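Close look at the chain arrangement
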Amino acid sequence: MCWTCDHPGSTYQDRLDHMRKLMIRNGWAVQGVEGDRIHPPWAYTLGLTECALPELVVTGLPLDRAARLLNGVAAHVVHAEPPAPGERIPLVDGPLVEIVELPRPDADLDTAVALFGPDLRALQLVWADDRGGWPWERGFRGGCFGQPVLGPRAAPT
């Protein structure tokens, strides 16, 4: 269930205030977007922008798994350099991911734009399937709706 559904009568501003409180308490928050019959679920961080870092995005994973993935990578990047587009990273207890830069994060990260303005940066964590296949490869096994890639790939590093 989404926060708005759990808080009937709340406003959009109430939701933004809730996300701000999470960012203050934890350093960042994760905004999940539930899938529907046509679109896969996806999630992104909120608050890394305030540390002069790109926000992180993942598509096509169940929201609980997406939140664990984003929280793990966010916890790392706040203490290190953010990964570079094209970089492949084997995550502990997670999939192999390739970093893809979003050319227009303002088109996909509406809550981040509402909080930080349209001039933010974002990186997508594109995950390999259980056989090591990528969404741009034939035979990728990405569940019912696959894994939309929100930007062009850089040369793998």
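Anything mentioned here points back to the structure above.
Note that this is a predicted model, so its numbers are computed, not measured.

**Quick notes on the overall build of the protein chain**
Along the protein chain, the regular secondary structure elements total four helices and six strands. In sequence order, the secondary structure elements of the protein chain are arranged as α-α-β-β-β-α-β-β-α-β. Against the globule reference of 15 Å for 157 residues, the protein chain gives a C-alpha radius of gyration of 15 Å, in line with a compact fold. Across its three principal axes, the protein chain shows a C-alpha extent of roughly 45 × 35 × 30 Å. If you take every contact in the protein chain between residues at least 6 apart in sequence, the share linking residues at least 24 apart comes to 51%. Of the roughly 8,700 Å² of accessible surface on the protein chain, a fraction of 54% belongs to carbon and sulfur atoms. Charge separation in the protein chain, taken as the distance between the mean sites of 14 positive and 20 negative side-chain charges, equals 5 Å.

**A look at the pattern of salt bridges**
Under the criterion given, the structure shown has six salt bridges. Asp17 is the salt-bridge partner of Arg20, the closest N and O atoms lying 3.0 Å from each other. Of the two residues, Arg20 and Asp17 both sit in helix 2 (residues 12-26), three residues apart, roughly one turn of that helix. Its relative accessible area of 30% is what places Asp17 among the partly exposed residues. Here Asp130 makes a salt bridge to Arg141, at a shortest N to O gap of 2.5 Å. Residue Asp130 is found in the segment after strand 6 (122-127), and its partner Arg141 is found in the segment after strand 6; the two are separated by 11 residues along the sequence. By relative accessible area, which is 61% here, Asp130 ends up exposed. Within the structure, one salt-bridge network assembled from shared partners comprises Arg88, Glu98 and Arg153.

**A few points about helix 3 (residues 63-77)**
For an α-helix the count is 3.6 residues per turn, leaving residues at separations of three or four pointing the same way. With 15 residues, helix 3 ought to run about 21 Å at 1.5 Å a step, and its terminal C-alpha atoms sit 21 Å apart, in line with that. Of all the residues in helix 3, the buried ones are Ala66, Leu69, Leu70, Val73, Ala74 and Val77. Along helix 3, the residues classed as buried sweep out an arc of 125° about the axis, all on the same side. Seen from the open side of helix 3, the exposed residues pointing more than 90 degrees away from its buried face are Arg68 and His76.

What counts as what
Residues numbered from 1 in each chain as written. Predicted model: local features only at pLDDT ≥ 70, side-chain atom pairs only at ≥ 80, totals over all residues. Heavy atoms only, no water. Helix = DSSP H or I, 4+ residues; strand = E, 2+ residues; numbered from the N terminus. Rg over C-alpha atoms; globule rule 2.2 N^0.38 Å. Contact = heavy atoms within 4.5 Å. Areas by Shrake-Rupley, 256 points an atom, 1.4 Å probe, with all protein chains shown as cover. Lys, Arg positive; Asp, Glu negative; His and termini not counted. Charge placed at Lys NZ, Arg CZ, Asp CG, Glu CD. Salt bridge = Lys/Arg side-chain N within 4 Å of Asp/Glu carboxyl O. Buried < 20%, exposed > 50% of the residue type's maximum accessible area, 1.4 Å probe, protein only. Expected span 1.5 Å × (residues − 1). Arc of directions from axis to C-beta.

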